[in-house]
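# Working through the structure, step by step
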Amino acid sequence: MSILVHNLILPLPINIYNLSYHIIKCTSIDQKLSLSLYMASAGALGHLLARFIDPESAKCSISAAPSISSRQSIHFFHQKYQSCSLSMNGCQGDPRAPIGTIETRAFPAVPSPALAMERLNSAISQLKSEPPPFTSGIIRLEVPIQQPVEAIDWLHAQHRLLLPRCFFSGRTGGSDLLSFTNGNGNGNGISMGAHNLVSVAGVGSAVFFRSIHPFSYGDWKSIKRFLSKKCPLIRAYGAIRFDARSNISSEWEGFGSFYFMVPQVEFDELEGSSMLATTVAWDKSLSWTWAMAIDALQATMCQVSSTVVKLRKEVPRTFILSNNHIPSKTYWDLAVNRALQLIDRSNSALIKVVLARSSRVVTTRDIDPITWLACLQVEGENAYQFCLQPPNAPAFIGNTPEQLFHRKCLSISSEALAGTRGRGGSTTLDLQVELDLLSSPKDHLEFTIVRESIRKKLEVVCNGVVVEPKKAIRKLPRVQHLYARLAGRLRSEDDEFDILASLHPSPAVCGFPTEEARLFIAEAGSWCIHLCWNRNSGRKQSIFGVG
């Protein structure tokens, strides 16, 4: 589910994108055609949308209870939002030209975020007085904080800043983000202990990457140009559009066909501690000099708050004044029936297609996107949470359990997630629901389409692909899915781009075959899903999740 909230003067409209129907071709005698709620979220849609569009109530209310859907994406649009700091677009440079320097400078740990701010401001002033002898480069300054602080709390403290921002949180119980060691403060790299990165928040962009053209190999190389395995905490966060060839709606214009950013100011939540960091990037060939970059960083630091207050993870109650569905129910039914007819044709290659619609809901009060994101965190066990807001664009936030792929060196893994049921109210009922999902012919077919599509695409660039488990259950707080894990070894790191281009969009969010499903979705005017990307450790590690 995705929600787009336009935070204007009251009343405030909200766009809700409902990932709704998977339409697939089945071969069983008694079930030639099958129609199911996307992510089996019949309960999901009823749980949330009943609060939005309850026909029995003159005023519907939004409460703190979030959706049951395992993939939730929410869009908040601030009309007043505008860019207050300049930066450079890394896509406009030569991806083959090496960067002059890529550095990380670590300083001794301090007790609090306020002291970390003081230390960084001092370091930036010193850096400004001793400019590096390079026409291009990227330098990260980082100060460990002995006090554990949640990144979402720090980001919420910056809510008055008119700056690009991002947030990424890995899945619990896994190594989705990064384990690393930091130096002792003099840059010699002596380890002072290993740390696990829990979540990251950032404001401002040291360098961004955006284009209205489809994401290309050159764009991928442009991002890698600013990253290095020697500086594992210099990362780019962003999103790639579902279908860059289709017309883009107004709310997505700020994202272009893709948008990535390396934060100017970044807060890293670690296990048992935290870290505040700044990044300055420059490239004279892009008309963004060292002096311009360091001045922009200082301007951003002047706006950043060092006072962090624990965020209450509760969505404030508000009232729904009106709502509008796009497409309307009539056109929605026509699109579903047309998909069923096309799939039923004997000469049709289309086997599965995923359709969606949006709803615009007008509320009586502003809804803070970071507060809502924090609420998704509460429901986000074993799932990624993310926020991305380019300049002059909505805040796109979401909660998803799906990992498109994870690369560490040449090792790569992916996941097939399809077929869904809600959780049972008791252990016995939950087991019954699980067995029903495992034995369902329709869900088995849908799951097999996703798993085998991923396997075949991995086999093109990997030396052998192992599928284990081949079919299991992944349980989330409100739903459970059919699940398989696929792993292989890339022949070359450059094959990473081919994997990304091949796997996205997956049959789980588009359909199968991909091109036939994409064309149908474009004609139907259905909502397009984005891919969220966390780029870790330069050339060593990458994580791509489905948003």
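Residues numbered from 1 in each chain as written. Predicted model: local features only at pLDDT ≥ 70, side-chain atom pairs only at ≥ 80, totals over all residues. Heavy atoms only, no water.

Within the chain, the regular secondary structure consists of 11 helices and 25 strands. Buried positions account for 58% of the 547 residues belonging to the chain. Sequence-distant contacts, at least 24 apart, represent 78% of the contacts inside the chain between residues at least 6 apart. Split by element, the accessible area of the chain, about 21,300 Å² in all, is 53% carbon and sulfur. (Helix = DSSP H or I, 4+ residues; strand = E, 2+ residues; numbered from the N terminus. Buried < 20%, exposed > 50% of the residue type's maximum accessible area, 1.4 Å probe, protein only. Contact = heavy atoms within 4.5 Å. Areas by Shrake-Rupley, 256 points an atom, 1.4 Å probe, with all protein chains shown as cover.)

Under the 1.5 Å per step criterion, the end-to-end length of helix α8 (residues 427–439) is 18 Å for 13 residues, consistent within 8% with the ideal 18 Å. Listed in full, the buried residues belonging to α8 are Asp430, Val433, Glu434 and Leu437. Viewed along the axis of α8, the buried residues span an arc of 100 degrees, placing them on a single side of the element. In this structure, α8 carries Thr428 and Ser439 as exposed residues pointing more than 90 degrees from its buried face. Structurally, α8 contributes buried residues whose contacts are with β19 (411–422), α9 (441–461), β21 (472–475) and β22 (479–490). (Expected span 1.5 Å × (residues − 1). Arc of directions from axis to C-beta.)

A separate point is the packing of aromatic side chains. Inspection of the entire model under this criterion finds 17 aromatic pairs. With 4.9 Å between their ring centres and 75 degrees between their planes, phenylalanine 215 and phenylalanine 258 make a pair best called edge-to-face. Of the two residues, phenylalanine 215 is situated in the loop between β10 (194–211) and α4 (217–225) and phenylalanine 258 in strand β12 (residues 258–270); the sequence distance between them amounts to 43 residues. Here phenylalanine 215 and phenylalanine 497 contribute two aromatic rings whose centre-to-centre distance is 6.1 Å and whose plane-to-plane angle is 45 degrees, an arrangement assigned as tilted. Within this pair, whereas phenylalanine 215 is found in the loop between β10 and α4, its partner phenylalanine 497 is found in helix α10 (residues 495–503), the two being separated by 282 residues in sequence. Per residue, the accessibility class of phenylalanine 215 equals that of phenylalanine 497, and both read buried. (Phe/Tyr/Trp six-rings, centres within 6.5 Å; stacked < 30°, edge-to-face > 60°.)

A separate point is the side chain of arginine 451. Within the secondary structure, arginine 451 is located in helix α9. Since its relative accessible area comes to 13%, arginine 451 is described here as buried. The contacts of arginine 451, once residues within four sequence positions are left out, are Ala416, Val467, Lys470, Lys471, Ala484 and Leu486.

Before going further, it helps to spend a moment on the side chain of serine 506. Tracing the sequence through the fold places serine 506 in the loop between α10 and β23 (511–512). Setting aside chain neighbours within four positions, we find serine 506 in contact with Leu404 and Gly511.

Taking burial as the measure, the 13 residues of β12 include 13 buried ones, the bulk of the element. In this sheet, β12 lies alongside strand β11 (residues 236–240) in antiparallel orientation, the contact comprising 4 bridges. Residue isoleucine 240 lies in a different strand from β12, and its bridge partner there is phenylalanine 258. Across 5 bridges, β12 lies against strand β13 (residues 274–283) in antiparallel orientation. Paired with aspartate 268 across the bridge in β13 is methionine 275. Where β12 folds back onto β13 in an antiparallel hairpin, the turn is made up of 3 residues, including glycine 272, whose phi is positive at roughly 90 degrees. (Pairing = 2+ DSSP bridges.)

A separate point is the pattern of salt bridges. Two side chains of opposite charge can pair, provided their charged atoms sit close to one another. Evaluation of the coordinates by the stated rule reveals 28 salt bridges. With its nearest N and O atoms 2.8 Å apart, the salt bridge here joins arginine 140 to aspartate 268. In this pair, arginine 140 sits in strand β7 (residues 136–145) while aspartate 268 sits in strand β12, placing the two residues 128 residues apart along the sequence. With respect to class, arginine 140 is no different from aspartate 268; both count as buried. Across the pair aspartate 333 and lysine 329 runs a salt bridge, and its minimum N-O distance is 2.9 Å. A residue pair is termed a helical-turn pair when its members lie 3 or 4 positions apart in one helix, as aspartate 333 and lysine 329 do in helix α6 (residues 329–344) at 4 residues. Judged by its relative accessible area of 30%, aspartate 333 is partly exposed. (Salt bridge = Lys/Arg side-chain N within 4 Å of Asp/Glu carboxyl O.)

What follows deals with the pairing of β13. Counted residue by residue, β13 has 10 buried out of 10 residues, so it is predominantly covered. Neither face of β13 is exposed, since Ser274, Leu276, Thr278, Val280 and Trp282 on one face and Met275, Ala277, Thr279, Ala281 and Asp283 on the opposite face are all buried. Inspection of the sheet shows β7 paired to β13 by 10 bridges, in the antiparallel sense. If you follow isoleucine 139 over to β13, its bridge partner there is valine 280.

The peptide bond linking isoleucine 326 to proline 327 adopts the cis configuration, its omega dihedral lying at -5 degrees. Summarising the element assignment, proline 327 is placed in the loop between β14 (318–326) and α6. You will see that serine 287, though not glycine, has its phi angle at about 60 degrees, which is positive. For serine 287, the location among the structural elements is in the loop between β13 and α5 (290–303).

Quick look at the nonpolar core now. Counting residues in hydrophobic clusters, the biggest one holds 90 residues, and the most contacted among them are Trp154, Phe209, Phe215, Leu276 and Val280. Beyond its immediate stretch of four places on either side in the chain, tryptophan 154 contacts Ala201, Gly202, Val203, Val265, Phe267, Leu276, Val304, Ser305 and Val308. Formed by 19 residues, the second largest nonpolar core is a distinct cluster that contains Leu197, Ala239, Trp252 and Phe386. (Core = buried A, V, L, I, M, F, W, Y, C linked by side-chain atoms within 4.5 Å.)

Our focus in this paragraph is the packing of α6 against helix α11 (residues 514–524). At a closest axis distance of 11 Å, the pairing of α6 and α11 adopts a crossing angle of 155 degrees. Accordingly, the angle class assigned to the pair α6 and α11 is roughly antiparallel. For the element pair α6 and α11, the recorded crossing hand is right-handed. Judged by residue contacts, Ala335, Arg338, Ala339 and Leu342 of α6 engage Phe520, Glu523 and Ala524 from α11. Looking at the contact of α6 with α11 residue by residue, the class counts come to 5 nonpolar, no polar and 2 charged. (Axes fitted to C-alpha atoms, helices over the stretch in contact; angles between N-to-C directions. Parallel < 35°, antiparallel > 145°, perpendicular 65-115°, else oblique. Left-handed = near helix turned anticlockwise from the far one by under 90°. Nonpolar A, V, L, I, M, F, W, Y, C, P; charged D, E, K, R; others polar.)

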